[in-house]
Amino acid sequence: LGALSRQFSTQMPLSRSEILKCIGDKPISEDKALFERANDVTKSVYGNKVFLRGIIEFSNHCAKNCNYCGIRRDHPDPERYEMSQDDILETIKWAHEKRYAGILLQSGEVGTQDRVDFVADTLKKARKLTGDKVRYILSLGELTDDQYYQLLQAGADRYLLRMETSNPALYAKLHPQDGHHDWLKRLNCVKSLVGMGYQVATGVMTGLPGQTKDDLADDIEMFNELGIDMIGLGPYIPQVKTPTADAWMAERGRDSIELTADDKAKMLLDTIRMLATIRLCNPDVNIAATTALQALKDDGREWALESGANVVMPILTPKTFRAEYQLYQNKPCIDDSASECMGCMDRRVRSIGKTLCFGELGDPKHFTDR
Ligand code: 5AD
Ligand code: SF4
């Protein structure tokens with residue numbers, strides 16, 4: 001463990017074959033040792049602290065048509081909504097009073113200048129309400145460098161843009177080839193964000209139809225090469241009326257997307273293996289215990305927090321809109337209010353002997369050391 005020092009954030013500490021071993025099938029005792037080691041590395045950098053960010057899903061309009069997603073442009077089910085600026089600011093004010101020091105504004109990818117101007121204006125007003133002791137995180141998808149810069153100037157601190165996969169051919173299968181879903185363009189956005197001085201989070205989905213263990217090992221190498229500050233990793237969960245769900249069923253010879261107990265156990269285990277391996281390769285980044293893990297097992301996020309994750313992101317979206325932001329089936333917390341989510345999260349984190357850090361910015365050491 002001593003060998004996993006700072007130097008390794010720019011250099012891969014595990015060899016390719018070690019990575020493949022860590023993410024692959026192995027006896028339970030070896031998995032357990034991997035998870036414990038990842039937890040020890042996390043504790044050596046962050047102690048027992050779990051950082052907190054609240055997510056406001058302020059609009060489910062999306063111009064993109066990602067084949068796996070429940071709010072893709074052509075999905076017939078979600079009723080499209082847009083929170084008003086007043087409602088967003090009200091939610092931010094509530095979160096600030098509850099000592100959230102990280103607030104994430106997330107929406108589908110729209111990319112229009114009007115949307116960027118709206119978010120920039122909202123950020124400026126939010127800053128006046130909360131002062132500097134809050135990190136604002138944006139997740140609005142692919143934008144131009146000028147737009148990213150405009151948002152940085154307006155007060156954004158961090159940006160979350162998942163690459164979804166490091167494999168351009170797999171990416172092409174998961175997205176319509178209509179000129180609007182381009183892996184290289186997305187990669188360039190991530191690089192621009194890093195270059196501009198944002199704290200940058202990216203991530204991938206695990207268990208995608210057609211994804212191999214080599215793809216996952218490449219994902220881990222991609223995170224290190226990009227110099228990412230935070231990683232958000234979640235299992236792919238099939239959603240009704242989406243093309244990728246059809247591919248998922250075909251891969252298994254099934255006619256339903258219903259997950260069996262075995263499916264859930266395997267998806268969760270594969271994701272936690274990835275998460276723990278990522279931690280060994282990146283001791284000083286922030287790693288999220290994402291909501292999708294809880295969709296597979298009630299204590300999926302706690303398991304992640306004991307295997308390398310150090311961030312949780314409870315949903316703050318007002319209850320009325322939550323059901324319309326169903327990216328995947330059984331998304332948890334749909335019927336909860338923001339305050340219920342917060343109390344629940346606090347209990348969950350305490351149950352594993354860790355502490356939820358209210359009022360702490362929670363910058364990753366990877367960024368503060370830059
Ligand atoms: N299962 C799991 N995650 C999904 N996302 C979108 N659709 C799904 C799904 N069916 C994730 C993507 C996207 C983020 C907002 O949600 O990784 O970047
Ligand atoms: Fe839109 Fe994001 Fe869903 Fe793709 S994953 S359709 S960009 S909300």
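Preceding this section is the structure that the text describes.
Residues numbered from 1 in each chain as written. Chains lettered and ligands numbered in written order. Predicted model: local features only at pLDDT ≥ 70, side-chain atom pairs only at ≥ 80, totals over all residues. Heavy atoms only, no water.

Caption draft 1: Structural view of the site of ligand 1. Around ligand 1, the neighbouring residues are Y68, C69, R162, E164, M205, P235, Y236, I237, L327 and Y328. Interatomic distance of 2.9 Å between a side-chain N/O atom of R162 and an oxygen atom of ligand 1. Take L327: an N or O atom from its main chain is 3.5 Å from a nitrogen atom of ligand 1. For ligand 1, the protein covers 86% of the area, taking 410 Å² as the surface of the free molecule. In this structure, ligand 1 is accommodated by the largest cavity. Looking at the shell around ligand 1, its residues break down into 8 nonpolar, no polar and 2 charged. (Near = heavy atom within 4 Å. Polar contact = N/O pair within 3.5 Å; in protein donor to acceptor, adjacent residues only side chain to side chain. Areas by Shrake-Rupley, 256 points an atom, 1.4 Å probe, with all protein chains shown as cover. 1 Å grid on protein atoms, 1.4 Å probe; cavity = no way out; pocket = protein on both sides within 12 Å on 5 of 7 lines; lining within 4 Å. Sits in = over half its atoms within 2 Å of the grid points. Nonpolar A, V, L, I, M, F, W, Y, C, P; charged D, E, K, R; others polar.)

Caption draft 2: Region of the structure containing the pairing of strand β6 (residues 199-202). Alternating residues of β6 divide into Q199 and A201 and V200 and T202, and every residue in both groups is buried. In terms of strand pairing, strand β5 (residues 158-160) meets β6 through 3 bridges, oriented parallel. Across the sheet, L160 pairs through a bridge with A201, a residue of β6. Here 2 bridges tie β6 to strand β8 (residues 230-235), and the two strands are oriented parallel to one another. In the strand pairing of β8, T202 is matched with I231. (Buried < 20%, exposed > 50% of the residue type's maximum accessible area, 1.4 Å probe, protein only. Helix = DSSP H or I, 4+ residues; strand = E, 2+ residues; numbered from the N terminus. Pairing = 2+ DSSP bridges.)

Caption draft 3: Main features of the pairing of strand β3 (residues 102-107). Buried residues dominate β3, accounting for 6 of its 6 residues. On β3, burial covers both faces: G102, L104 and Q106 on one face and I103, L105 and S107 on the other are all buried. Two strands pair when backbone bridges link them, and strand β2 (residues 54-59) and β3 are joined in this way by 5 bridges, in the parallel orientation. Note on β3: the bridge partner recorded for I55 is L104. With helix α3 (residues 85-97) bridging β2 and the parallel β3, this β-α-β connection has right-handed handedness. Relative to strand β4 (residues 135-139), β3 runs parallel, the two being bridged by 5 bridges. Across the sheet, the residue bridging to Q106 is S139, located in β4. With helix α4 (residues 113-130) bridging β3 and the parallel β4, this β-α-β connection has right-handed handedness. (Right-handed = clockwise from strand over helix to strand, strands pointing away.)

Structural measurements only, silent on function.
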